[in-house]
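Structural characterization, general
Below are the chains, spelled out letter by letter.
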Amino acid sequence: MRMMRVLRVALIGVVVAGVMSACGASATGGRTSIDVMVAGDPEEIEAYGQVVEGFEEAQGAVGVNLIEIADRDEMITKLATSFAGGSPPDVFLMNYRYVGQFFAKDSLEPVAPYLAKSDQLSGDEFYPEALAAFRFDGEVVCLPQNVATLVVYYNEDLFSAAGLEPPREEWTWDEMVDAARAITVDQDGDGKTDVYGLGVDPDIIRLAPFVWSNGGELVDSETEPTRLALTSPPAAQAMQAFFDLRRVAKVVPTDVEAESEDFESRFLNGRLGMIMESRKVVPGFRTITDFGWDVAPLPVFKKPATILHSDAYCMTKASEHKDEAWAFLEFALGPEGQRIAVATGRTIPSLKAVAESPAFLGSDEEPQNEQVFLDNIPFIRRVPHISTWPEIEDATHGLLEEGFYLGSGAEEISHEVVRVTRPLFERAED
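Residues numbered from 1 in each chain as written. Predicted model: local features only at pLDDT ≥ 70, side-chain atom pairs only at ≥ 80, totals over all residues. Heavy atoms only, no water.

**Side note on the overall build of the protein**
Counting its secondary structure elements, the protein contains 19 helices and 17 strands. For a compact globule of 430 residues, the expected C-alpha radius of gyration is about 22 Å, and the protein comes in at 22 Å, within 12% of that figure. Dimensions of the protein, computed from the C-alpha atoms along their principal axes, are close to 65 × 50 × 45 Å. If you take every contact in the protein between residues at least 6 apart in sequence, the share linking residues at least 24 apart comes to 74%. Accessible area of the protein: about 17600 Å², with a carbon and sulfur share of 48%. If you average the places of the 35 positive and of the 72 negative side-chain charges in the protein, the two averages end up 4 Å apart. (Helix = DSSP H or I, 4+ residues; strand = E, 2+ residues; numbered from the N terminus. Rg over C-alpha atoms; globule rule 2.2 N^0.38 Å. Contact = heavy atoms within 4.5 Å. Areas by Shrake-Rupley, 256 points an atom, 1.4 Å probe, with all protein chains shown as cover. Lys, Arg positive; Asp, Glu negative; His and termini not counted. Charge placed at Lys NZ, Arg CZ, Asp CG, Glu CD.)

This is the structure we're talking about:
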């Protein structure tokens, strides 16, 4: 069973013993400590920890208790419980897709007034695509730390062994499928596939960019959505092509194989030619020593499209140390803090000056084609701002798995996902 591990980052010159068992900022030795909650795998947590260390080294008045959570579901549960109990963390880091539920309950302290008065940060210094994802009712509520998108990571050695050139800048869906077919092989002749061409999860956030690329829409209205719009011909066509990756082309592992070993592990082990993922996998992939790898944009149906993967630091309204919390945000999302995060490989900086500098583009580490991430920012789209979106993702996952692994057609699945999610749109809080 997963357990929440709470790590107290040492204050400068002070040895702090023990771990925190509950949220809530405190004062120790005349210094204020704030709680910052983050979720992720060990490499991601390490990246956040380095930013915290940099903040504490830069000043001596505020310490940070870094609260580590294993995954998104656990973090949402922990946050909901802490808000209900009146003791939430002062700051938490969360993807824009999940912030709406906490904004709807008036649990967040909007950062807009702090940003307006700041002499260290300005809203126009951030990529507008990331900032817009955290604007609710016209006001910036949380401040984004990254402007990540969905991309294709590929194994250069497997491409070369299959006689393939690296993916070009605007490659097509069919070209991707052909490459995946060429890489998918039974190496030892035992009738079982040893290397697959592609790894992609049957999730709505993986399907969405291809619906947009094919001229379809994810929802009926971006500003006031009432249902998913996946029954349209362009959306259903993209969905069927997505399902055919497994059922027809057989370039993706089976459900049993995917359950026994996740796609990220298969890529790390050199047995997966490509994987569709966000930036979060880069720290782990940088441990690879057996083969070369790089990154390419998503393949295109009719026009380029990708989906935003952006996280932001949010301040909680119940915090008794908002000024200290804001001081942490100013550092973490300012040039120095973002350069620290960039060095870990975890983020595409939301601060334009850092993203477009050698700190991000000039690294000697993989991926070498970092420019791909910036070139695709103009094609970013995102899911709608509604409080029940996490439930919509969960409700659609099983149905998309059915189409992906069991062979149900896109027409049937598209109508079913619209039907089962409609009550969730109706229940969404403004």
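Moving on from the coordinates now.
**Section: the sheet that holds strand β17 (residues 380-381)**
With mixed pairing, three strands are arranged side by side in an open sheet as β10-β15-β17. Two strands bound the open sheet, and with one partner strand each, they are β10 (148-149) and β17. When strand β15 (residues 306-309) meets β17, the two strands line up parallel, connected through two bridges. The partner of T306 across the bridge, within β17, is I380. Helix-sheet contacts for helix α8 (residues 204-213) involve β15 and β17, and the interaxial angle to β15 is about 140 degrees. (Pairing = 2+ DSSP bridges. Axes fitted to C-alpha atoms, helices over the stretch in contact; angles between N-to-C directions.)

**Some words on the layout of surface pockets**
Of the volumes computed, that of the largest pocket is approximately 1600 Å³. Every residue lining the largest pocket is counted, 49 residues in all, and those nearest its centre are R72, D201, D203, E277 and K280. By residue number, the principal contributor to the lining of the largest pocket is helix α18 (residues 389-406), which donates six residues. For the lining of the largest pocket, a count of residues per class yields 17 nonpolar, nine polar and 23 charged. (1 Å grid on protein atoms, 1.4 Å probe; cavity = no way out; pocket = protein on both sides within 12 Å on 5 of 7 lines; lining within 4 Å. Points joined across faces, edges and corners; volume = space filled by probe spheres on them. Nonpolar A, V, L, I, M, F, W, Y, C, P; charged D, E, K, R; others polar.)

**What to know about the packing of aromatic side chains**
Applying the stated criterion across every chain yields a total of 20 aromatic pairs. An aromatic cluster of three or more residues is present, and its members are Y153, F267, F285, F291 and W293. (Phe/Tyr/Trp six-rings, centres within 6.5 Å; stacked < 30°, edge-to-face > 60°.)

**Some thoughts on the pattern of salt bridges**
Here the structure, examined in full by the defined rule, presents 19 salt bridges. The partner of E44 in a salt bridge is R346, and the shortest N-O contact between them spans 3.0 Å. Taken together, the positions of E44 in helix α1 (residues 42-58) and R346 in the loop between α14 (335-343) and α15 (352-355) put the pair 302 residues apart, joining distant regions of the chain. Classification of E44 as buried rests on a relative accessible area of 7%. Accessibility expressed as a relative area gives 5% for R346, which makes it buried. Residue R72 pairs with E393 through a salt bridge whose shortest N-O separation is 3.9 Å. Of the two residues, R72 sits in helix α2 (residues 72-84) while E393 sits in helix α18, which places them 321 residues apart along the sequence. Among the residues examined, R72 registers a relative accessible area of 24% and is labelled partly exposed. Looking at E393, the relative accessible area reads 9%, which means it is buried. Beyond isolated ion pairs, a larger network of salt bridges with shared partners links R72, D73, R97, E393 and D394. (Salt bridge = Lys/Arg side-chain N within 4 Å of Asp/Glu carboxyl O. Buried < 20%, exposed > 50% of the residue type's maximum accessible area, 1.4 Å probe, protein only.)

**Section: the nonpolar core**
In this structure, L143, Y153 and L245 are the most contacted members of the largest nonpolar core, which totals 142 residues. Residues contacting L245, with those up to four places away along its chain left out, are W173, M176, V177, L198, V200, K250, V251, V252 and F404. (Core = buried A, V, L, I, M, F, W, Y, C linked by side-chain atoms within 4.5 Å.)

**Observations concerning the packing of α1 against helix α13 (residues 322-332)**
As a packed pair, α1 and α13 sit with axes 10 Å apart at the nearest point and diverge in direction by 110 degrees. One way to sum up the angle between α1 and α13 is to call them roughly perpendicular. As for how α1 packs across α13, the hand of that crossing is right-handed. On the side of α1, the interface is formed by V51, V52, G54, F55 and A58, while α13 contributes A327, F328, F331 and A332. Per-class residue counts for the contact of α1 with α13 are eight nonpolar, one polar and no charged. (Parallel < 35°, antiparallel > 145°, perpendicular 65-115°, else oblique. Left-handed = near helix turned anticlockwise from the far one by under 90°.)

**Considerations on the pairing of strand β14 (residues 293-296)**
By the alternation rule, side chains of β14 split into W293 and V295 and D294 and A296, which are all buried. Pairing analysis gives four bridges linking strand β11 (residues 151-155) to β14, with the strands arranged antiparallel. Across the sheet, residue Y154 finds its bridge partner in β14, namely D294.

**What about the sheet that holds β11?**
Ordered in space as β12-β13-β11-β14, the four strands form an open sheet in which the pairing is mixed. The sheet is open, and its two edges are formed by β12 (196-199) and β14, each paired on a single side. The sheet shows a mean angle of 20 degrees between the axes of neighbouring strands, taken without regard to direction. Relative to strand β13 (residues 272-277), β12 is paired through three bridges, and the arrangement is parallel. From the neighbouring strand, L198 faces β13, where its bridge partner is M274.

**Looking at the side chain of S310**
Inspection of the secondary structure puts S310 in the loop between β15 and β16 (311-316). On the basis of relative accessible area, S310 is assigned to the buried category, the value being 0%. Of the polar contacts made by the side chain of S310, one reaches the backbone oxygen of N146; its length is 2.6 Å. Look past the residues within four positions of S310 in its chain and what remains in contact with it is M94, N95, Y96, A130, F134, P144 and N146. (Polar contact = N/O pair within 3.5 Å; in protein donor to acceptor, adjacent residues only side chain to side chain.)

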